[in-house]
Amino acid sequence: MSSLWPNDNRASLIFALGVTAGIALATLAQYFNATDGGNETRSPEHVNAQISALISRKEVETVTQRLEREFTISTTTMHTLQKAFLRDMDRGLKREGTTLKMIPSFVVRRPTGNETGTLLALDLGGSNFRVCEVTLKGKGQVRSRQKKFVVSEELKTGAAIPLFDFFADCVSSTMDEFGLDKKISLKMGFTFSFPVDQHAINKGSLFHWTKGFTASGVVGEDAVKLLQDAFIRKDIKINITALVNDTVGTLISHAYLDNATLMGVILGTGSNAAYVEKIENIPKWKGPIPESGEMVINMEWGAWGQDGFILPVTEYDKRLDRASPNPKKQQYEKMLSGLYLGELTRQIIIDLISTGHLFSGRRCPALETEHSFETELLSRIERDHSLELTDTRSIFEDLFSVTKTSLADRRLVKRICELVGTRAARLAAVGVASVVTKMNKLGGCTVAIDGSVFEHYPHFPARMRDGLRELLGVSSDTIILAQEIDEVEVKVASDGSAEVTETTTVLEIPTSNPFPASILQEDDGDSEYEDEHDDEQERDAYQSDASDLLSEYEDDDGDDSDLLEESLLERIQALRDVIPPATRASVARGVTSVTSGTWTAVQWVGSAAWVFATAAMLVALPVALELEREQFVFQQEAQMRAQQQQAQQMVQPGLGGIPGGIPGGQPQLPGMPTPQI
């Protein structure tokens with residue numbers, strides 16, 4: 001039996017058909033898997049999601065790399081900024097009209113910790129206004145009671161008289177609540193946290209408003225006189241004896257507790273700094289030479305870099321500046337203060353949404369409102385260490401009504417927050433390192449820092465210290481960054497309750513408490529005053545006040561309370577900040593590239609194995625069947641040949657050649673008995 005094709009060609013053709021069929025089946029399977037079986041009707045959102053998915057991993061990494069390049073401040077850049085900062089400090093000390101104003105505060109000595117007395121203090125630091133009663137007990141011990149008020153937007157943007165009348169009303173109600181006699185003349189210090197041209201310890205005119213204030217009739221006017229006139233209108237007998245900036249207040253109040261304090265910094269809604277300078281280093285000072293030989297300088301460092309030629313601003317910084325109430329002013333402050341960090345992050349997120357790199361390009365109207373993304377949300381996102389970033393998802397899907405966020409979206413947003421927060425901390429480190437270098441205190445000093453950003457933003461102090469270490473080397477270890485809340489010694493009992501120890505008695509001195517020499521008295525060692533304050537009843541009152549203030553602090557902080565006691569996992573994760581951002585980014589890119597390449601190789605190997613396995617199955621089956629058929633045909637042909645040979649032998653003449661035949665007779669058929677002869 002003959003075959004249709006020769007054996008060699010037939011085997012090759014079968015193998016080729018099997019491979020072709022395998023590839024075709026593999027392609028069809030992948031197509032149906034990608035299209036969910038081809039039976040689902042795809043919505044426009046589904047189509048948009050697929051289009052967004054077409055953005056390659058490489059392109060997304062390019063966006064992250066661009067942001068890292070724009071927001072990462074290298075060690076070299078920090079050194080360059082420090083040199084420029086020192087140069088501008090010298091210029092500000094020599095003459096007026098410079099970027100760093102370097103305003104003499106008229107505070108010519110620091111407290112020793114032995115001063116005693118009672119005074120009132122007002123603190124206007126931004127959206128909040130505080131009225132405090134402060135009792136100095138000597139030996140660094142203080143009793144403080146305070147009441148907080150909120151300044152409405154109407155008052156911020158209104159006129160001078162309603163604003164300062166509101167301050168007077170707040171003082172009046174606080175005196176009533178504290179049981180203070182309004183008929184007795186009291187001394188008061190006024191913390192006015194805005195750029196002021198100081199003329200005396202209790203005189204100063206406002207340069208310009210910041211922090212969202214635009215009230216008319218205040219710029220160029222004496223803030224003390226405006227407040228004193230309001231007290232007269234309200235028939236309150238208070239004499240304002242000192243006008244200080246909040247940074248000066250922070251420095252002086254902490255110096256009462258630690259004599260090594262030489263610098264005060266505010267890192268909150270706004271940012272500023274003050275430090276102690278030798279009088280011979282202030283050429284523009286034309287007043288009398290103080291006995292102490294030094295003066296506290298209000299730097300007004302928030303305005304540094306507003307000329308646009310020093311700070312490494314990004315396009316997002318420029319957008320924020322153009323939309324702010326004070327364009328081309330307070331550039332340094334806009335890069336590191338709480339009022340602007342959230343808005344800067346919002347600008348970045350909106351831009352990435354518009355380019356399709358976030359949320360599949362879907363618009364989010366709630367995010368398009370200015371200042372809708374507060375700095376508090378950055379803190380929450382940076383504290384989100386869950387695998388799926390669930391808190392971050394809650395922020396966008398619940399607060400801002402984003403339809404759906406992918407894990408890649410949430411990771412990108414968290415990286416943005418890390419970049420913005422880290423840049424702010426490193427810029428703050430530049431300012432602190434510059435001032436410490438200017439004071440020639442690399443051998444050691446204390447820097448008092450107050451403000452919500454430093455206190456509550458995750459890892460901010462650690463990132464600042466990393467920056468100081470890069471700038472100052474081993475000398476940074478001698479620089480103490482003291483936080484006001486650290487002055488409270490709190491013991492946490494096994495049941496979770498908090499106890500303020502008797503040795504500290506009360507909370508720290510608020511930043512609103514200036515202690516100028518004109519309203520302080522040195523402790524003359526009179527035991528009568530000490531005995532009076534050792535009274536058991538008053539001690540109980542002090543402890544009660546401390547507990548109330550501590551409770552108020554915990555209530556105000558809400559979720560931020562866990563910052564004081566981070567978990568072990570959070571501390572381990574925070575160790576990555578020790579690695580410079582550029583190195584960290586390079587390692588991350590390398591790991592991502594290796595992971596991506598490995599995963600791609602695994603996919604290709606899997607697909608190839610599937611194709612070849614399928615092809616092998618399709619080839620092996622027909623080949624096996626063909627081999628079996630050919631074997632059967634071969635056996636049949638062999639039988640037929642054998643029968644033909646037998647038949648030919650039987651028809652030959654004679655018996656000699658036929659085995660088993662009878663001579664002269666018929667051939668013996670198979671199976672017949674042999675005849676007997």
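In this report, we go over the structure that sits alongside the text.

Criteria and cut-off values
- Residues numbered from 1 in each chain as written.
- Predicted model: local features only at pLDDT ≥ 70, side-chain atom pairs only at ≥ 80, totals over all residues.
- Heavy atoms only, no water.
- Axes fitted to C-alpha atoms, helices over the stretch in contact; angles between N-to-C directions.
- Helix = DSSP H or I, 4+ residues; strand = E, 2+ residues; numbered from the N terminus.
- Parallel < 35°, antiparallel > 145°, perpendicular 65-115°, else oblique.
- Contact = heavy atoms within 4.5 Å.
- Phe/Tyr/Trp six-rings, centres within 6.5 Å; stacked < 30°, edge-to-face > 60°.
- Buried < 20%, exposed > 50% of the residue type's maximum accessible area, 1.4 Å probe, protein only.
- Lys NZ or Arg CZ within 6 Å of the ring centre and 35° of its normal.
- Pairing = 2+ DSSP bridges.
- Core = buried A, V, L, I, M, F, W, Y, C linked by side-chain atoms within 4.5 Å.

**With respect to the packing of helix H4 (residues 75-94) against helix H16 (residues 460-472)**
Working step 1: For the pair H4 and H16, interaxial distance at closest approach is 10 Å and the crossing angle is 75 degrees. Taken together, the axes of H4 and H16 lie roughly perpendicular to each other. Contact with H4, carried on its side by Thr75, Met78, His79 and Gln82, involves Gly467, Glu470, Leu471 and Leu472 of H16 and no other residues of that element.

**Section: the packing of aromatic side chains**
Working step 1: Summed over all chains, the structure comprises 21 aromatic pairs.
Working step 2: Ring geometry for tryptophan 304 against tyrosine 332: centres 5.3 Å apart, planes inclined by 85 degrees, an arrangement best described as edge-to-face. Taken together, the residues span a long stretch of sequence, with tryptophan 304 in the loop between strand E11 (294-298) and helix H9 (315-323) and tyrosine 332 in helix H10 (residues 331-334) at a distance of 28 residues.
Working step 3: Given a relative accessible area of 0%, tryptophan 304 falls into the buried group.
Working step 4: Relative accessible area serves as the criterion here: at 0%, tyrosine 332 is assigned to the buried category.
Working step 5: Ring centres of phenylalanine 396 and phenylalanine 400 lie 6.1 Å apart, and the angle between their planes is 40 degrees; this geometry places the pair in the tilted category. When sorted by exposure, phenylalanine 396 lands in the same class as phenylalanine 400, which is buried.
Working step 6: A network of ring pairs unites the aromatic residues Phe190, Phe192, Phe194, Trp209 and Phe213 as a single cluster.
Working step 7: Stacked on the ring of phenylalanine 207, the Lys or Arg lysine 101 has its end atom at 4.6 Å from the ring centre.
Working step 8: Positioned over the ring face of phenylalanine 178 is arginine 145, at 4.4 Å from the centre of the ring.

**Quick word on the sheet that holds strand E1 (residues 103-104)**
Working step 1: One open sheet holds the six strands; their spatial order is E1-E11-E10-E9-E12-E13, and the pairing between them is mixed. Edge positions in the open sheet fall to E1 and strand E13 (479-483), since each of these has one partner strand only.
Working step 2: Note: strand E9 (residues 261-267) against strand E10 (residues 271-278), five bridges, orientation antiparallel. From the neighbouring strand, glycine 264 faces E10, where its bridge partner is alanine 274.
Working step 3: Taken strand by strand, H16 contacts E9, strand E12 (445-450) and E13, and its axis lies near 160 degrees from that of E13.

**Looking at the nonpolar core**
Working step 1: Formed by 90 residues in total, the largest nonpolar core has its most connected members in Met263, Leu267, Tyr275, Trp301, Phe396 and Met464.
Working step 2: Per-element tally for this core: the top contributor is helix H14 (residues 407-439), with 17 residues.
Working step 3: The next biggest cluster of nonpolar side chains, apart from the first, holds 39 residues, and it includes Leu180, Val196, Ala215 and Ala230.

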